[in-house]
Amino acid sequence: MKYIFGPVPSRRLGYSLGVDVLPSQKTCNMNCIYCELGRGHKTFSRPSYCPPAEDIIFEVENYCVKNRDFDCVTVTASGEPTLHEDLPTILSNIKKLTSKPLVVLTNSSTLSKNSIRKALEQVDLVLPSLDAATVKGFRSINRPHPDLDIERIIEGLSNLRKTMRGQMWLEILLVSGMNDTTKELYALKDALSRIAPHKIQLNTVARPPAESWARPVPSSRLKEICKFFGKSAEIVIDFHTQMQRANKIILESEIMDTLKRRPLSLEDLRVLFGMYDGTETVLRRLLNNGIVQERHVKGRTFFVAINEHV
Ligand code: SF4
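Residues numbered from 1 in each chain as written. Predicted model: local features only at pLDDT ≥ 70, side-chain atom pairs only at ≥ 80, totals over all residues.

Describe helix α5 (residues 150–163), naming the residues involved and giving the relevant values.
Spanning 14 residues, α5 covers 20 Å between terminal C-alpha atoms, matching the ideal 20 Å at 1.5 Å per step. Taken together, the buried positions of α5 are Ile-150, Ile-153, Ile-154, Gly-156, Leu-157, Leu-160 and Arg-161. Buried residues of α5, seen end-on, are gathered within an arc of 155° and therefore sit on one face of the element. Those residues of α5 that are exposed and aimed more than 90 degrees away from the buried face are Glu-151, Lys-162 and Thr-163. Buried-residue contacts for α5 involve α3 (114–121), β5 (125–128), α4 (135–142), β6 (167–174) and α6 (182–195). (Helix = DSSP H or I, 4+ residues; strand = E, 2+ residues; numbered from the N terminus. Expected span 1.5 Å × (residues − 1). Buried ≥ 20, exposed ≤ 12 C-beta atoms within 10 Å, placed from the backbone. Arc of directions from axis to C-beta. Contact = placed C-beta atoms within 7 Å.)

Here it is in structure tokens:
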């Protein structure tokens with residue numbers, strides 16, 4: 001499978017069938033310091049090559065005909081999914097293929113465009129991110145393409161919220177010493193009062209970041225910030241609290257398919273592929289063969305696929 005992966009036990013959504021609309025390499029108009037895809041080239045215009053919409057839709061259709069073991073379909077990318085030129089077609093077709101909720105992840109950068117907002121109006125859940133509301137904070141954390149303007153992004157989010165049929169759960173990823181300062185938090189609070197998302201979800205660095213100096217915010221501080229943002233704010237629950245998955249046959253290629261999209265711990269992989277020893281055996285083999293590497297973050301060990309093998 002080239003475009004779909006999982007279902008993955010997501011921290012926010014239960015078992016999510018992932019659809020990666022830009023899978024080949026990181027394609028994004030930002031270069032966030034905490035990005036788990038590593039550093040990448042920033043693009044502002046649509047990428048020169050987008051996989052054909054019909055190929056992506058065909059794969060989703062094939063899966064949905066044979067399987068019902070997922071809670072939602074999440075459109076994402078190895079980068080920013082709204083940069084795919086045919087995203088509206090992809091979304092409207094997935095809506096026809098399944099009655100399960102359709103979710104879209106976005107970094108919010110293209111929401112100033114009418115066409116993108118129109119496409120997102122039809123989905124059940126939009127998960128946009130907004131990590132800073134000042135020019136300085138935005139540039140420091142998200143390191144955006146120079147043509148991106150934070151004020152237009154906030155306005156785009158606010159306009160989408162007014163016209164969308166589904167829910168908007170806005171994520172703020174907090175990085176110690178960067179966007180957890182009083183000035184940044186007040187600016188964010190002001191932006192949030194204009195946007196009025198259904199939920200505000202606070203997160204912090206939990207996976208190997210693009211920059212090793214991007215440090216997580218301690219949980220006591222996260223709780224204070226959550227209180228500061230008010231009733232609609234919550235700290236997103238950890239991966240491990242998601243329900244366990246029934247055993248399934250583990251194939252190296254399935255583990256590799258998953259690890260090339262995001263780093264996971266052994267516990268994450270066990271939940272995803274079934275709680276039995278085979279997961280560890282396969283993982284050890286991939287490590288010994290140099291196909292997978294360990295990374296250590298906040299006292300936890302994550303596994304990542306090494307680029308030349310993916
Ligand atoms: S917006 Fe997402 S994909 Fe793009 S650099 Fe930031 S974290 Fe990475």
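Structure shown, so let's carry the discussion forward.
An account of the packing of helix α1 (residues 53–66) against helix α2 (residues 87–97) is requested, with residue identities and associated values reported.
As a packed pair, α1 and α2 sit with axes 10 Å apart at the nearest point and diverge in direction by 15°. With respect to each other, α1 and α2 are oriented roughly parallel. Between α1 and α2 the crossing geometry is right-handed. Only Thr-89, Ile-90, Asn-93, Ile-94 and Leu-97 of α2 make contact with α1, whose side of the interface consists of Ala-53, Ile-56, Ile-57, Val-60, Glu-61 and Cys-64. Classifying every residue of the contact of α1 with α2 by side-chain character gives eight nonpolar, two polar and one charged. (Axes fitted to C-alpha atoms, helices over the stretch in contact; angles between N-to-C directions. Parallel < 35°, antiparallel > 145°, perpendicular 65-115°, else oblique. Left-handed = near helix turned anticlockwise from the far one by under 90°. Nonpolar A, V, L, I, M, F, W, Y, C, P; charged D, E, K, R; others polar.)

Any chance you could break down unusual backbone geometry for me, citing the residues and the numbers?
Cis geometry marks the peptide bond from Gly-6 to Pro-7, where omega comes out at 5°. Mapped onto the elements, Pro-7 comes out in strand β1 (residues 4–10). Even without being a glycine, Lys-298 presents a positive backbone phi close to 50°. Mapped onto the elements, Lys-298 comes out in the loop between β9 (292–297) and β10 (300–305). Accessibility expressed as a C-beta count within 10 Å gives 12 for Lys-298, which makes it exposed.

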